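Residue-level structural notes
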2 protein chains.
Amino acid sequence: MALAEDTTLDTGRRARGGRSNRRDASTKPLGVPYIRRNIPTYDILSEENLLKIERTADRILSEVGIEFRDDPEAIELWKKAGAKVDGLLVKFEPGMLNEILKSAPASFTQHARNPARSVEIGGSNVVFSPAYGSPFVMDLDKGRRYGTIEDFRNFIKLAQSSPWLHHSGGTICEPVDVAVNKRHLHMVYSHIKYSDRAFMGSITAEERADDSIDMARILFGTDFVDRNCVILGNVNVNSPLVWDGTMTKSLRAYARANQAAVIVPFILGGAMGPVTNAGAIAQSFAETMAGCALTQLERKGAPVIFGNFLSSMSLRSGSPTFGTPEPAIGSMVIGQLARRLKLPLRCAGNFSNSKLPDGQAMQEGLMSMLSAVHCGANFILHSAGFLDGLLAMSYEKFVMDADLCGALHSYLAGVVVDDNTLAMDAFLQVGPGSHFLGCDHTMRNYTSAFWDSTLSDNEPFEKWSEEGGSTDIATRANRQWKKTLAEYEAPPLDVATDDALKDFIERKTRDIPDAWY
Amino acid sequence: MALAEDTTLDTGRRARGGRSNRRDASTKPLGVPYIRRNIPTYDILSEENLLKIERTADRILSEVGIEFRDDPEAIELWKKAGAKVDGLLVKFEPGMLNEILKSAPASFTQHARNPARSVEIGGSNVVFSPAYGSPFVMDLDKGRRYGTIEDFRNFIKLAQSSPWLHHSGGTICEPVDVAVNKRHLHMVYSHIKYSDRAFMGSITAEERADDSIDMARILFGTDFVDRNCVILGNVNVNSPLVWDGTMTKSLRAYARANQAAVIVPFILGGAMGPVTNAGAIAQSFAETMAGCALTQLERKGAPVIFGNFLSSMSLRSGSPTFGTPEPAIGSMVIGQLARRLKLPLRCAGNFSNSKLPDGQAMQEGLMSMLSAVHCGANFILHSAGFLDGLLAMSYEKFVMDADLCGALHSYLAGVVVDDNTLAMDAFLQVGPGSHFLGCDHTMRNYTSAFWDSTLSDNEPFEKWSEEGGSTDIATRANRQWKKTLAEYEAPPLDVATDDALKDFIERKTRDIPDAWY
């Protein structure tokens, strides 16, 4: 397969488009299956303040409690585990959830159908995954419209073609031209068919979660799936402090199959949680702990990812806002707390309220994305594509964000300090008042020295305006995604497996009328 | 004066446009004179690796040395201080410069003519200052052209009108319609006339530095200036390892007057320094230490700012690149090193190679700006306005960057943890499955909760497209800078002072022919 040779893991030093482009202009840029970070996390809160937040989470869990709706089995699991259950309301003594969570792995491998693309989720590893869940798509030519299965496949192809994304994602956009009750089958199939990377399954109903996992079993084999993580399911808390049965049943379906649920509260400060960051963080922490713990009650030792999604609100309009400073800084604290639980972390990716791939989009997007990188997130969903809050996948923004993910490979590589990088030989050779352009040290190191974006303009003004057509980055991105789609080649898929998947879909959909809600 | 009531220093919590706009729509947003950060610096390198870089800097200083050209007095100062001098080449024994630097203050006040606008430079304080030095200006209406004194004044007015900038800057653009030998007089006068904030003087010749300081003496009084810092001078190393006489004479002029020089190497990796980050950092550290130490030899105890400017290079074109990951991450290390010297720090601000205020501009700008914020920079020159590398000041980018500086006020406020922000009362009041929109805690806190940009679009798509005209942020910025300039009111300046300044300029320029280079 195309990138089968690029499996050596490192901190991103060799993952440079510039060098690989030059080395052989006909090959694609090198990528790494995931990043091992070489910079520490950015820990902004003191031990004393972390304890205050943990204690508040304990009080929320023990004094206020969490409702588990429409899932009697979940309630039974909580009773057996010793929680205080009163109808749908479950309360947890301080320390109880921490104890349950000890069985969850701190790190695990999610296998891809191409083993060279398998990702390690946890520890100092970082996995970039495309955005998830928007009903709309947009591009500069056709503007905004509802997403279709063709758009869905296109975004998978763009993700697969980027050396800077590591994962195929899940509901990369909603393919609204496919019936709701059959959509999950075509989404999972598309991920398997058009990508050889790891992917996510459905969570919108327990049977759809089961179908997703069954398709993974066809691809990987039943025994393998029982012993290894091959599919993720992203489940949301119904904040504040409610777990809906649809979500807990899907969560339990993934855990039961030894697959990883990603547990994510979505807290819009002032609406689904307190308007102050510390309280929203405490709530998020409590809600996620409860969801993660439930996976362990369903199947001890099942992999699970500790997620969070903080958001702010425009005080003028009441609209949710994204890429703002408060959620960015709050995510850093969530990271500190998750590490104390020794669970893999998912944090906020790249968000903006902008409706265009403009300056606002990239500023808000990077504010949010860097926060995810700094807070130590292991799995960064929504790494590429979002515009209009969570509502639209933009073709241009997708390739701009993927290019940014490339830059973050270099960022996460940090500053390497050794005799070569300290360059004492260069100082002795060059001396004062000269230049380093041709010195031995430069010749030895220049090809791997700097991130070289394929989208950014670095030309002199005259060249940009006369030869380059005075383009902005969105215009260049528009050209790039079209070129990438035109050149896309599907990774080979075993014919028998392909047929078995198609047969599974046929059996699951035969004689079933389409449902559209 | 307009903001005289806004002098209480805090961490930015009250510095929110949203709240103040609502409180009284007719008043300007509140600003703080500078930020006291409430988040730690982001220290990415281990003690062991910091020591390796310091030792390399020691070796550069003692084995390679630094040339001091065209300034025999500087050479004499080094001889007296015990450095090894061989012609123009000066070598420093390890520890020598550290010892000299002990007399430099860790923090100092730069006074503004409006005392409420004075800034504290050092410690955990952060001062945002506009970009500096570009020959071109640009806007969406007229494109790129050479800057004029009208542009110069316009940018001062825009800076003065922003609550999120703290300083008036220096050569905010080159006013090329004013003769080179008289330009500094009109630049310094414009800062004094159109802003009541702290500012920077000329460094392009010793007599221009002296003139700048003399004008500050007219404004503040000679005795006051001798005892207090009222003007900064930004001097550049001629990297690698050369200090030019023009710079050291200006540097010494500022120090002699007890004013602060900002000492800045400009290292384009692979050209003026090694292509690897660790070596470039060591060089930058060595060059800055030498410059800072020279201020102390000129006048022990004079304030001085430890600066740095790392840049990368496009491997395809050889062009310098800005806002890239390597300099961003390298600046964090510079910050760690500067703190070990206990000197105030200046770091890279907001840069991009883009020729338009587009997605590239804001992504690269924020990557660089956040690095300055994270690395602990006390004085962030180039906080607003740059496009096209260092070559152009953009009217739109200026107001977009100033808005970003507003967001960074909230970012630097961090997460406040106390009984109010932990919001336990809200959880007890609201409980599971409800919402926080009208609860007591929200009503008590919402006005100060979230950063509210005046440029970002947070409307629903339909409202944005139908009522908002589907604008991008650059278009909104274009409207904003025009409105701001139209509404600008000059801060009152004492008439006698104004006349004395005009008289000074008249005396300095009378019968002097214009020189244009």
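Definitions and limits used
- Residues numbered from 1 in each chain as written.
- Chains lettered and ligands numbered in written order.
- Predicted model: local features only at pLDDT ≥ 70, side-chain atom pairs only at ≥ 80, totals over all residues.
- Heavy atoms only, no water.
- UniProt positions renumbered as here; feature names shortened; annotations may be inferred.
- Least-squares fit on C-alpha atoms with pLDDT ≥ 70 in both.
- Contact = heavy atoms within 4.5 Å.
- Buried area = accessible area lost by both parts, 1.4 Å probe.
- Salt bridge = Lys/Arg side-chain N within 4 Å of Asp/Glu carboxyl O.
- Pairing = 2+ DSSP bridges.
- Helix = DSSP H or I, 4+ residues; strand = E, 2+ residues; numbered from the N terminus.
- Phe/Tyr/Trp six-rings, centres within 6.5 Å; stacked < 30°, edge-to-face > 60°.
- Buried < 20%, exposed > 50% of the residue type's maximum accessible area, 1.4 Å probe, protein only.
- Lys NZ or Arg CZ within 6 Å of the ring centre and 35° of its normal.
- Expected span 1.5 Å × (residues − 1).
- Arc of directions from axis to C-beta.
- Polar contact = N/O pair within 3.5 Å; in protein donor to acceptor, adjacent residues only side chain to side chain.
- pLDDT = per-residue confidence, 0-100.
- Axes fitted to C-alpha atoms, helices over the stretch in contact; angles between N-to-C directions.
- Parallel < 35°, antiparallel > 145°, perpendicular 65-115°, else oblique.
- Left-handed = near helix turned anticlockwise from the far one by under 90°.
- Nonpolar A, V, L, I, M, F, W, Y, C, P; charged D, E, K, R; others polar.

- Looking at an unreviewed UniProt entry, one finds chain A named Methyltransferase, with Metarhizobium album as its source organism.
- Of the comments in the UniProt record for chain A, the one headed Sequence similarities (unreviewed entry) reads "Belongs to the trimethylamine methyltransferase family."

Some words on the relation of the copies chain A and chain B
- Aligned on chain B, chain A shows an RMSD of 0.0 Å; the corresponding rotation is 180° and the shift along the axis is 0.0 Å. Between the two chains, the operation in question is that of a two-fold axis. Scanning chain A for the C-alpha nearest the rotation axis identifies G359 of chain A, at a separation of 2.0 Å.
- A symmetric contact is evident, with 100% of the interface residues of chain A recurring at the interface of chain B.

A closer look at the interface of chain A and chain B
- On the side of chain B, 119 residues touch chain A, which itself brings 119 residues to the contact.
- Summing both partners gives a buried area of about 9700 Å² for chain A against chain B, and 68% of it is carried by carbon and sulfur.
- The largest contributions to the chain A side of the interface with chain B come from Y42, L315 and F450 of chain A, which together make up 8% of the buried area.
- The interface formed by chain A and chain B holds four salt bridges in total.

Quick look at the sheet that holds strand 20 (residues 386-387) of chain B
Residues and elements named next belong to chain B.
- Read from one edge of the open sheet, four strands run 9-8-21-20, paired in mixed fashion. Each edge of the open sheet is held by one strand with a lone partner, namely strand 9 (143-146) and strand 20.
- Bridging between strand 8 (residues 136-139) and strand 9 involves four bridges; their strand directions are antiparallel. Residue V137 lies in a different strand from strand 9, and its bridge partner there is R145.

Thoughts on the packing of aromatic side chains
- In this structure the tally under the stated criterion is 33 aromatic pairs over all chains.
- Ring centres 5.5 Å apart and planes at 55° place the aromatic pair F155 of chain A and F398 of chain A in the tilted group. Taken together, the positions of F155 of chain A in helix 5 (residues 149-161) and F398 of chain A in helix 13 (residues 395-412) put the pair 243 residues apart, joining distant regions of the chain.
- For F398 of chain A, a relative accessible area of 1% translates into the label buried.
- Members of the aromatic cluster, joined through ring pairs, are F266, F309, F322, F351 and F386 of chain A.
- Just above the ring of F136 of chain A sits the side chain of R144 of chain A; from NZ or CZ to the centre is 3.8 Å.
- The ring of F461 of chain A is capped by R144 of chain B, whose NZ or CZ atom sits 3.7 Å from the centre of that ring.

Some details on helix 2 (residues 47-64) of chain A
Residues and elements named next belong to chain A.
- If you check helix 2, its first and last C-alpha atoms are 25 Å apart, about what 18 residues at 1.5 Å a residue would give, namely 26 Å.
- Looking only at helix 2, the buried set comprises N49, L50, I53, E54, T56, A57, I60, L61 and V64. Angular distribution of buried residues about the axis of helix 2 spans 155°; they occupy a single face of the element. In this structure, helix 2 carries E48 and R55 as exposed residues pointing more than 90 degrees from its buried face.
- Just beyond helix 2, the residue with positive phi is G65, at close to 85°.

Considerations on the environment of E120 of chain A
Residue and element names in this part refer to chain A.
- Topologically, E120 is positioned in strand 6 (residues 119-122).
- Here E120 falls in the partly exposed class, since its relative accessible area comes to 22%.
- Here the side chain of E120 touches S107 through a polar contact of 3.2 Å, side chain to side chain.
- Only 2.6 Å separates the side chain of E120 from the side chain of T109, close enough to count as a polar contact.

Quick notes on the confidence of the model for chain A
Residues and elements named next belong to chain A.
- Across chain A, pLDDT averages 93, with 94% of residues at or above 70.
- Note on residues 1-29: pLDDT is under 50 here. Beyond four places in sequence and across chains, it has 65 contacts.
- Scored by ipTM, the complex comes to 0.94, with pTM at 0.94.

A few points about the pairing of strand 11 (residues 231-236) of chain A
All names here are of chain A.
- In terms of residue burial, strand 11 counts as a mostly covered element, since five of its six residues are buried.
- Two elements, strand 10 (residues 199-200) and strand 11, share two bridges in a ladder whose sense is parallel. Looking at strand 11, one finds that F199 is bridged to I231.
- For strand 11 and strand 13 (residues 260-264), the ladder comprises five bridges, and the chain directions are parallel. Across the sheet, the residue bridging to L232 is A260, located in strand 13.

Examining the pattern of salt bridges
- Counting across every chain of the model gives 70 salt bridges over all chains.
- For R256 of chain A, the salt bridge is made with E298 of chain A, and the minimal N-O distance between the two is 3.1 Å. Of this pair, R256 of chain A sits in helix 9 (residues 245-256) while E298 of chain A sits in helix 10 (residues 277-298), and the two are 42 residues apart along the sequence.
- Between D514 of chain B and K182 of chain B there is a salt bridge; the shortest N-O distance is 2.6 Å. Here K182 of chain B lies in helix 6 (residues 180-194) and D514 of chain B lies in the segment after helix 19 (495-509), a separation of 332 residues in the sequence.

A word on unusual backbone geometry
All names here are of chain A.
- The residue after S239, namely P240, is reached through a cis peptide bond having omega 5°.
- With respect to the element layout, P240 can be found in the loop between strand 11 and strand 12 (242-243).
- Of note, H382 is a non-glycine position whose phi angle comes to about 60°, a positive value.
- Tracing the backbone shows H382 in the loop between strand 19 (379-380) and strand 20 (386-387).
- With a relative accessible area of 6%, H382 lands in the buried category.
- One non-glycine residue with positive phi stands out, namely D388, at about 55°.
- Of note, D388 is situated in the loop between strand 20 and strand 21 (392-394).
- Using a relative accessible area of 5% as the deciding quantity, one classes D388 as buried.

Focus: the packing of helix 9 (residues 245-256) of chain B against helix 10 (residues 277-298) of chain B
Residues and elements named next belong to chain B.
- Viewed as axis vectors pointing N to C, helix 9 and helix 10 meet at an angle of 50°, and their least axial separation amounts to 9 Å. With respect to each other, helix 9 and helix 10 are oriented oblique. For the crossing formed where helix 9 meets helix 10, the hand is right-handed. Each of T248, L251, R252, A255 and R256 in helix 9 lies in contact with helix 10, whose residues at this interface are G291, L294, T295 and E298.
- Here the residues of the contact of helix 9 with helix 10 are counted per class, giving three nonpolar, three polar and three charged.

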